[in-house]
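Summary of the model geometry
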Amino acid sequence: MFGENRQHLAALSSPKWERTQTDGNNGTTVIRFEFHQEFEGDGLTAEIGWFVQTTRSMGSIQPETLRLDESVLSSSSNNWTMTILNEDKSKYTVALSSCSYETLPLWRRDIELPGGDNLVFDVRFSESVFGTGRAALTRASWKHDGADIVSDDYFGLVYAADHHNWFEQFLFLLEEPVGEIYAVMVEEGFPRDTAQATVHWLGASFEILESTLPETYTITETSPESL
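The following refers to the structure shown. (Residues numbered from 1 in each chain as written. Predicted model: local features only at pLDDT ≥ 70, side-chain atom pairs only at ≥ 80, totals over all residues. Heavy atoms only, no water.)

**Overview of the overall build of the protein**
Selection rule: To qualify as a helix, a DSSP run of H or I must reach at least 4 residues; to qualify as a strand, a run of E must reach at least 2; elements of each kind are numbered from the N terminus. Note on classification: 1.4 Å probe, protein chains only; a residue is buried when its accessible area is under 20% of the maximum for its type, exposed when over 50%, partly exposed between these limits. Every residue pair with non-hydrogen atoms within 4.5 Å of one another is taken to be in contact. Per-residue and other accessible areas follow the Shrake-Rupley method at a 1.4 Å probe size, with only the shown protein chains counted as cover for residues.
On a plain count of helices and strands, the protein comes out with one helix and 16 strands. Out of the 227 residues in the protein, the part that is buried amounts to 35%. Across the protein, every contact between residues at least 6 apart in sequence was considered, and the portion connecting residues at least 24 apart equals 44%. Per element, the accessible surface of the protein, about 13600 Å² overall, is 50% carbon and sulfur.

Spelled out as structure tokens, the structure:
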């Protein structure tokens, strides 16, 4: 099944797997595994395509098979995509990846607000040599009027950012509104940039009702055992 309307798609072809091996830089071998399969149903045609690429030193044992698990999905060297063909023959591509990035380092944002409220956002993030990386908001909490409002709901937590993780946004959708507040969003100018952080209180249409500057804003790498 595919999409929010849970459309039933049937396979048009058998899965196609391909393994290629080429010479890389500095005496390395580049190994690439690819998968493609076409589906159709309810007026929709879709192609699921996946590849993962690894680099090995020349002379080392080269894998003939690859196990697809969380360590591969969390890696920055893989790409799951689904290409959707609309009825007018136009195409768009949906990028798929891990839901949790559980193998990536966990960074905790602890935010003290004027008036005594506290926000905590737990983010999986692994920075690459280019200063950018994959990320996921996995847990959020808001301590308000003595109550702890907590969520680890995948569909209630949103991480968004521009290219190279600039202008990061962390959105926490409340299960029940608090007054007129339906969601809390934190913005950072650049990855782990505490100086430009701002907290926004959002209404029912995700409009900004009010914005607050934190009194303190700390970011620490946190082991899962301490949560």
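Picking up after the structure, the text goes on.
**Some thoughts on the pattern of salt bridges**
Basically, it comes down to this: Here, a salt bridge means any Lys or Arg side-chain nitrogen found within 4 Å of an Asp or Glu carboxyl oxygen.
Scanning the entire structure with this criterion turns up three salt bridges. The partner of Arg 109 in a salt bridge is Glu 168, with the nearest N and O atoms 3.8 Å apart. In this pair, Arg 109 sits in strand E7 (residues 106-112) while Glu 168 sits in strand E12 (residues 168-178), placing the two residues 59 residues apart along the sequence. In this structure, Arg 109 and Glu 168 share a single accessibility class: buried. Because the salt bridges share partners, they merge into one network encompassing Arg 109, Glu 168 and Glu 188.

**As for the sheet that holds E12**
Two orientations exist for strands paired in a sheet by backbone hydrogen bonds: parallel and antiparallel. Rules: A pair of strands counts as paired when DSSP detects no fewer than two bridges linking them. The angle between two axes is taken between their N-to-C directions and runs from 0 to 180 degrees, where each axis is a line fitted to C-alpha atoms and a helix contributes only its stretch in contact.
As summarised here, the arrangement of the five strands in space is E11-E12-E13-E14-E15, forming an open sheet in which the pairing is antiparallel. Each edge of the open sheet carries a strand with a single partner, namely strand E11 (157-160) and strand E15 (208-212). Taken over all neighbouring pairs, the strand axes of this sheet differ in orientation by 20 degrees on average, direction set aside. Both E11 and E12 contribute to a ladder of four bridges, which runs antiparallel. Bridge pairing in E12 links Leu 157 to Phe 172.

**Side note on a negative patch on the surface**
Put simply, the test is: Here a patch means residues that are over 30% exposed by relative accessible area and free of salt bridges, tied together within 9 Å if like-charged and within 5 Å if nonpolar (Val, Leu, Ile, Met, Phe, Trp, Tyr). Positive charges come from Lys and Arg, negative ones from Asp and Glu, while His and the chain ends are left out of the count. Taken as the charge location is NZ of Lys, CZ of Arg, CG of Asp or CD of Glu.
There is a patch of like negative charges on the surface, built from Asp 152, Asp 153, Glu 175 and Glu 176. Relative accessible area serves as the criterion here: at 41%, Asp 153 is assigned to the partly exposed category.

**Thoughts on the side chain of Thr 212**
Worth spelling out the cut-off: Between N or O atoms, a polar contact is any pair within 3.5 Å; within protein, one atom must be a potential hydrogen donor and the other a potential acceptor, and residues adjacent in sequence are included only when both atoms are from side chains.
As for its position among the elements, Thr 212 is in strand E15. Of the polar contacts made by the side chain of Thr 212, one reaches the side chain of Trp 201; its length is 3.0 Å. For Thr 212, the residues in contact, after removing those within four places along its chain, are Leu 113, Pro 114, Thr 198, Val 199 and Trp 201.

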